[in-house]
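Structural description and commentary
These are the residues of each chain, in order.
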Amino acid sequence: MLQIQIGAERAADPDDRLMRTTLGWRRGMSEDEAWEAGRGIWKFNADRALSQDEVQIINTEGTVLAVARIIGISKHGDRYALEGELLRDDPRVGRPTGSPHLSRNPVTYI
């Protein structure tokens, strides 16, 4: 599984390649919003990311915000964004992750 940890919500760059206005998480955001905030744009090993079945988007407190099945990636310069199918209402959402995020990097493989 791939795990992406996102920090507090902040404004996105005006030229955000995924056309987002904000990045990060805030209390009360939906799974769809968490997925859009967390799916990209990151530096990661494309082959390794594609070999994972799922991705968990978590906040800095270790709470699962969204879970998606990875179906592909899109390239944005030297970085990537995940393409996937959001697993809405997954029982892990809203609960502490079973795999604490120990890396200093936002993207880790579990």
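My aim in this report is to walk through the structure given alongside it, one point at a time. (Residues numbered from 1 in each chain as written. Predicted model: local features only at pLDDT ≥ 70, side-chain atom pairs only at ≥ 80, totals over all residues. Heavy atoms only, no water.)

Applying the stated criterion to the full structure yields 12 salt bridges. Arg-79 serves as the salt-bridge partner of Asp-78, at 3.9 Å between the closest nitrogen and oxygen. Among the charged side chains, a network of salt bridges with common partners joins Glu-9, Arg-26 and Glu-33. (Salt bridge = Lys/Arg side-chain N within 4 Å of Asp/Glu carboxyl O.)

Another point: the nonpolar core. In terms of nonpolar packing, the biggest core is built from 23 residues, with Leu-2, Ile-4, Ile-6, Trp-35, Phe-44, Val-55 and Leu-82 touching the most fellow members. Secondary structure elements with two or more residues in this core: β1 (2–6), α1 (31–38), α2 (46–50), β5 (54–59), β6 (64–76), β7 (79–86) and β8 (107–109). By residue number, the principal contributor to this core is β6, which donates 4 residues. In this structure, Leu-82 is in contact with Leu-2, Ile-4, Trp-35, Arg-39, Phe-44, Val-55, Ile-70, Gly-72 and Ile-73, ignoring residues within four places of it in sequence. (Core = buried A, V, L, I, M, F, W, Y, C linked by side-chain atoms within 4.5 Å. Buried < 20%, exposed > 50% of the residue type's maximum accessible area, 1.4 Å probe, protein only. Helix = DSSP H or I, 4+ residues; strand = E, 2+ residues; numbered from the N terminus. Contact = heavy atoms within 4.5 Å.)

Before going further, it helps to examine the layout of surface pockets. Its volume calculated, the largest pocket comes out at about 360 Å³. Contributing to the lining of the largest pocket are 18 residues, with Asp-13, Asp-16, Arg-20, Leu-23 and Ile-41 lying nearest its centre. Here the element with the most residues in the lining of the largest pocket is strand β4 (residues 40–42); it accounts for 3 residues. Across the lining of the largest pocket, the residue classes tally to 7 nonpolar, 4 polar and 7 charged. (1 Å grid on protein atoms, 1.4 Å probe; cavity = no way out; pocket = protein on both sides within 12 Å on 5 of 7 lines; lining within 4 Å. Points joined across faces, edges and corners; volume = space filled by probe spheres on them. Nonpolar A, V, L, I, M, F, W, Y, C, P; charged D, E, K, R; others polar.)

Moving on, we get to the sheet that holds β1. Within the open sheet, the 6 strands sit side by side as β4-β7-β6-β5-β1-β8. Their pairing is mixed. The two strands at the open ends of the sheet, each matched to only one other strand, are β4 and β8. For this sheet the average axis-to-axis angle between neighbouring strands, irrespective of direction, equals 40°. Pairing analysis gives 5 bridges linking β1 to β5, with the strands arranged parallel. Among the inter-strand pairings, Ile-6 is bridged to a residue of β5, identified as Asn-59. (Pairing = 2+ DSSP bridges. Axes fitted to C-alpha atoms, helices over the stretch in contact; angles between N-to-C directions.)

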